[in-house]
Structures are given as C-alpha cells and as structure tokens.
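Listed here are the chains, written in short residue letters.
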Amino acid sequence: MTKKRDRLEIIHDILLVIRERGDRVKPTHILYKSNLSHQRLQEYMTELIGKGFIIEKQAKGGGKTYELTDKGFNYLRDYATIRNFMESYGLGDEPAN
Amino acid sequence: MGKLSQDVCRIIKVQDAAVFEALGIYAQIIFMTAGLVLLTYMTLKTEKPAVYWLMLSIALIGTLASRNVLYVFYLISALLLIFLCWHFFDNYAKRKHAKTLFVALAFLFLLIRDIQFVLSLDYEIFYVLGRLAELTAYVLLAINFYLVRRR
C-alpha cells in the first residue's frame, strides 16, 4: 500500500512536472502527472502562483501554460537537500526493495 | 582555570570561575540530552510531541536528580546512543551509501566516547581517547553534511 503524500511532497511533485516539461506544460498534463483531483490541483496552483513559485502564461493557441520562477527552482533544490539529509539519518521513507 | 575562562567570567560578571565551569557542564548535559532524545524521537517516527517531552523529562530529571550527575548523564547518553547506533547501522544496511555509513560510524564513535568517559573516572588516559573519539565523530558528521549539500 502506498503512503499518503504530505503537502510539501505534493508541491514538489507539481513543481517537478513543470520543470521537466519546461515552459510548455499545460494544466491537463500537471493534473495527470500530479495525481490530484481537479479542485485540489486548482487550490495548489493558486497558492503556488500567489507565493511566487510559478507564473501563469497565455499559450499561443489559447489556454494556459506554467513556468517555474527562481523561487520554484530553489524549492526543488532545497527539497532535494533535505530529503538527502533525512535519508542519511534514516528519517525518511523506507527504501523500496 | 585558565586565563581565558577568568576573562570570560569577568566580562559576564560571574564572580567565581567554578560557577562558570558548572554552568558549562550543566548546559552540555541539558543540550546533549535534548539533542539525543530528539534524534531518538525522530527515529521512532511517531507524530506525538508528548512522547518527546516525556522522554526528555525522564532523561533530564533522572540525570539532574542523581547523586553523580555526570555518571548518570553518560549512562543515559550511552543507552540512547546504543539505540541510535542500531538505527543508523540498520539504515546503512538498507541504503548502502557513504553518507549513511559516516552517520553510523559517527554515532558509534560517540558511543565509544561515552564508554571511555565512564572509564576515565579511574584512568585519565581514557579521557584523552574519549575526546579523540568525539572529534572523529564530529568530523564524520561534517563530512556527511558536506556530501549532502554537494550536488
């Protein structure tokens, strides 16, 4: 059974999807990759835009795309450092066998 | 008491250098116990802060209320360090990285330091060996910190 993701992990997953797809990522792709309901994703996206982790852009063919800001990149870097630190002390999740 | 300690005492207006020394020892006991209990609490992966406060109060009251404060402090520290060593070596067995090995070895050296300090009550050479083991432990933790920060 997989464990429930915490808030910081969900934010990490959303930001990771956006970073991996560059500035061409659309809401449907984030929805698919982040494994969240539409409503929950909207809440997270509003918060991430409000706090300056991502910016919303208008796509050429209409619709929205998202891009990471420096703050978003910093979050991903710091999250990886903290995960790394926790793993070295055995405080994170158990490794998959 | 060295000149530096006397100067520090004069600056912070502590009349007797022995009081300053005692404050340092008690600060070390309290902070070290709080740190070891916090690490033990975190390895238990429970999300009940009451468990931490209960463990900390038992450890601190047990230490400070005893007749031989230092001896009980090293005894309780050793018990916590035995548990932490077991946890960190178990973690190393699951994740075979240099980082996990350094952390496990660092806590093993801290455990050795505790045992040597207890022995140093009778043999002074163990005090020096204990300090060397402690230095090795902190160097290993610093190396781990560097490896974690490195990208």
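All values reported here derive from a predicted model rather than from experimental measurement.

What counts, and at which threshold
- Residues numbered from 1 in each chain as written.
- Chains lettered and ligands numbered in written order.
- Predicted model: local features only at pLDDT ≥ 70, side-chain atom pairs only at ≥ 80, totals over all residues.
- Heavy atoms only, no water.
- Axes fitted to C-alpha atoms, helices over the stretch in contact; angles between N-to-C directions.
- Helix = DSSP H or I, 4+ residues; strand = E, 2+ residues; numbered from the N terminus.
- Parallel < 35°, antiparallel > 145°, perpendicular 65-115°, else oblique.
- Contact = heavy atoms within 4.5 Å.
- Nonpolar A, V, L, I, M, F, W, Y, C, P; charged D, E, K, R; others polar.
- Core = buried A, V, L, I, M, F, W, Y, C linked by side-chain atoms within 4.5 Å.
- Buried < 20%, exposed > 50% of the residue type's maximum accessible area, 1.4 Å probe, protein only.
- Buried area = accessible area lost by both parts, 1.4 Å probe.
- Salt bridge = Lys/Arg side-chain N within 4 Å of Asp/Glu carboxyl O.
- Polar contact = N/O pair within 3.5 Å; in protein donor to acceptor, adjacent residues only side chain to side chain.
- Lys, Arg positive; Asp, Glu negative; His and termini not counted.
- Patch = residues over 30% accessible without salt bridge, like charges linked within 9 Å, V, L, I, M, F, W, Y side chains within 5 Å.
- Areas by Shrake-Rupley, 256 points an atom, 1.4 Å probe, with all protein chains shown as cover.

**Student:** How should I be thinking about the packing of helix α1 (residues 7–20) of chain A against helix α3 (residues 38–50) of chain A in this particular structure?
**Tutor:** Between two packed helices, the angle of one axis relative to the other and the distance separating the axes together describe the packing. Residues and elements named next belong to chain A. Put simply, α1 and α3 touch, their axes get as near as 11 Å, and they point 80 degrees apart. It follows from the interaxial angle that α1 and α3 lie roughly perpendicular. On α3, the residues that touch Arg7, Ile10, Ile11, Ile14, Leu15 and Ile18 of α1 are Arg40, Leu41, Tyr44, Met45, Glu47 and Leu48. Looking at the contact of α1 with α3 residue by residue, the class counts come to nine nonpolar, no polar and three charged.

**Student:** Whenever I open this one, the nonpolar core confuses me. Can you help?
**Tutor:** One broad trend across soluble globular proteins is that nonpolar side chains are buried collectively. Tyr89 of chain A together with Leu36, Leu81, Leu84, Phe88 and Phe107 of chain B are the most contacted members of the largest nonpolar core, which totals 34 residues. For this core, the secondary-structure elements that each account for two or more residues are α2 (17–43), α3 (49–64), α4 (69–94), α5 (98–119) and α6 (125–149) of chain B. With eleven residues, α4 of chain B is the single largest residue contributor to this core. Not counting chain neighbours up to four residues away, the residues in contact with Phe88 of chain B comprise Tyr89 of chain A together with Leu39, Thr100, Val103, Ala104 and Phe107 of chain B.

**Student:** Looking at this model, I keep getting lost on the interface of chain A and chain B. Mind explaining?
**Tutor:** Often the size quoted for an interface is simply the accessible area lost on bringing the parts together. Opposite the 13 residues of chain A that make contact, chain B presents 19 residues. Taken together, both faces of the contact between chain A and chain B bury some 1,500 Å²; the carbon and sulfur share is 55%. Three residues stand out in chain A for area buried against chain B, namely Ser88, Tyr89 and Leu91 of chain A, and they jointly supply 40% of the buried area on that side. There are zero salt bridges connecting chain A and chain B. Viewed at the interface, chain B and chain A are joined by five residue pairs in polar contact (both at pLDDT 80 or more).

**Student:** Teacher, can you tell me more about the pattern of salt bridges here?
**Tutor:** According to the stated counting rule, one finds eight salt bridges over all chains in the structure shown. With a closest N to O distance of 3.3 Å, Arg77 of chain A and Asp78 of chain A form a salt bridge. Taking relative accessible area as the criterion, Arg77 of chain A reaches 32% and is therefore assigned partly exposed. Here Asp90 of chain B makes a salt bridge to Lys94 of chain B, at a shortest N to O gap of 3.1 Å. Of the two residues, Asp90 of chain B and Lys94 of chain B both sit in helix α4, four residues apart, roughly one turn of that helix. With a relative accessible area of 29%, Asp90 of chain B lands in the partly exposed category. Put simply, Arg113, Asp114, Arg131 and Glu134 of chain B are held in one network by salt bridges that share partners.

**Student:** How should I be thinking about the side chain of Arg95 of chain B in this particular structure?
**Tutor:** Mapped onto the elements of the fold, Arg95 of chain B is located in the loop between α4 and α5. No salt bridge forms around the buried Arg95 of chain B; measuring N to O, its nearest opposite-charge neighbour Glu87 of chain A is 4.4 Å away. A distance of 2.6 Å separates polar atoms of two side chains, one belonging to Arg95 of chain B and the other to Asn91 of chain B.

**Student:** What is the right way to look at a nonpolar patch on the surface in this model?
**Tutor:** Taken together, the side chains of Tyr123, Ile125, Tyr127, Val128, Leu129, Leu132, Leu135, Val139 and Ile143 of chain B make up a nonpolar region of the molecular surface, amounting to roughly 840 Å² of accessible area. The topology assignment puts Leu132 of chain B in helix α6.

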